[in-house]
Amino acid sequence: EAGVTQSPRYAVLQEGQAVSFWCDPISGHDTLYWYQQPRDQGPQLLVYFRDEAVIDNSQLPSDRFSAVRPKGTNSTLKIQSAKQGDTATYLCASSRGQGYAEQFFGPGTRLTVL
Amino acid sequence: QQQVRQSPQSLTVWEGETAILNCSYEDSTFNYFPWYQQFPGEGPALLISIRSVSDKKEDGRFTIFFNKREKKLSLHITDSQPGDSATYFCAASAQGTGSKLSFGKGAKLTVSP
């Protein structure tokens, strides 16, 4: 069974540029998560979906970040007008169901904003 | 506000020793505590987890001890191996929000041969 796939693996931007991250979850996993992991810190949940519906996006900086999962499979996280403070690794995870279901993480996209 | 705290931030042990990683939390509604292991360049992977109805969970060389009254838990890694060198994250979630994990800052473990 293939794991969670993310692309690109690395991105380097100037402040003010936009960037999109793409995630392909494990087949059959209905719940998908996006996390931000600053260097030397733990992952911080940004948003998660069940199928195509957003369940919680309370930690997503809505003015510049957006996330979609239109068909309940793949997902895209977009940052408009990136800031240096957005420098981090962006992790996608998926699970079958919610609650205590194990979350499987992808390798992440390492973003550097200059 | 850090809801889950870990100590120490880094730990070095010799091969064969027991490594102990500590975790504490404030939110009394937390009832599920997974530990994740992360190697450089990879995403975290679930190592072992415990629910608050239990005070101990064992899986091979990995054991979680949980103290609900003190809101503390610890991960014990016995017979540590160099391959255990990684960063370990304690996480927590509350009943009804099990998918919403709060992670600690992590503890970097180095096992010297």
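Predicted model only: the values in this text are computed from it and were never measured.

S.K.: Which parts of the structure should I look at to understand the state of the cysteines?
M.R.: Each disulfide consists of a covalent bond between the sulfur atoms of two cysteine residues. Residues and elements named next belong to chain A. A full pass over the atoms with the stated rule returns two disulfides over all chains. One disulfide in the model links Cys-23 with Cys-92; its S-S distance is 1.9 Å. Handedness here is read from the sign of the S-S torsion; for Cys-23 and Cys-92, about -70°, the answer is left-handed. On the criterion of sequence distance, the pair formed by Cys-23 in strand β3 (residues 19-24) and Cys-92 in strand β9 (residues 88-95) is long-range, its members being 69 residues apart. Accessibility assignment for this pair places Cys-23 and Cys-92 in one class, buried.

S.K.: It is not clear to me how the sheet that holds strand β1 (residues 5-7) of chain A should be interpreted in this structure. Could you clarify?
M.R.: The pairing of strands in a sheet comes from backbone hydrogen bonds and takes either a parallel or an antiparallel form. Residues and elements named next belong to chain A. The strand order β1-β3-β8-β7 describes an open sheet built from four strands, whose pairing is antiparallel. Two strands close off the open sheet at either side, each with one partner strand: β1 and β7 (65-68). On average, each strand axis in the sheet is tilted by 15° relative to the strand beside it, whichever way the strands run. Bridge analysis of β3 against strand β8 (residues 75-79) gives five bridges, and the strand direction is antiparallel. In the sheet register, Cys-23 faces β8, and the bridge partner there is Ser-75.

Basis of the calculations
Residues numbered from 1 in each chain as written. Chains lettered and ligands numbered in written order. Predicted model: local features only at pLDDT ≥ 70, side-chain atom pairs only at ≥ 80, totals over all residues. Heavy atoms only, no water. Disulfide = S-S within 2.5 Å. Helix = DSSP H or I, 4+ residues; strand = E, 2+ residues; numbered from the N terminus. Buried < 20%, exposed > 50% of the residue type's maximum accessible area, 1.4 Å probe, protein only. Pairing = 2+ DSSP bridges. Axes fitted to C-alpha atoms, helices over the stretch in contact; angles between N-to-C directions.

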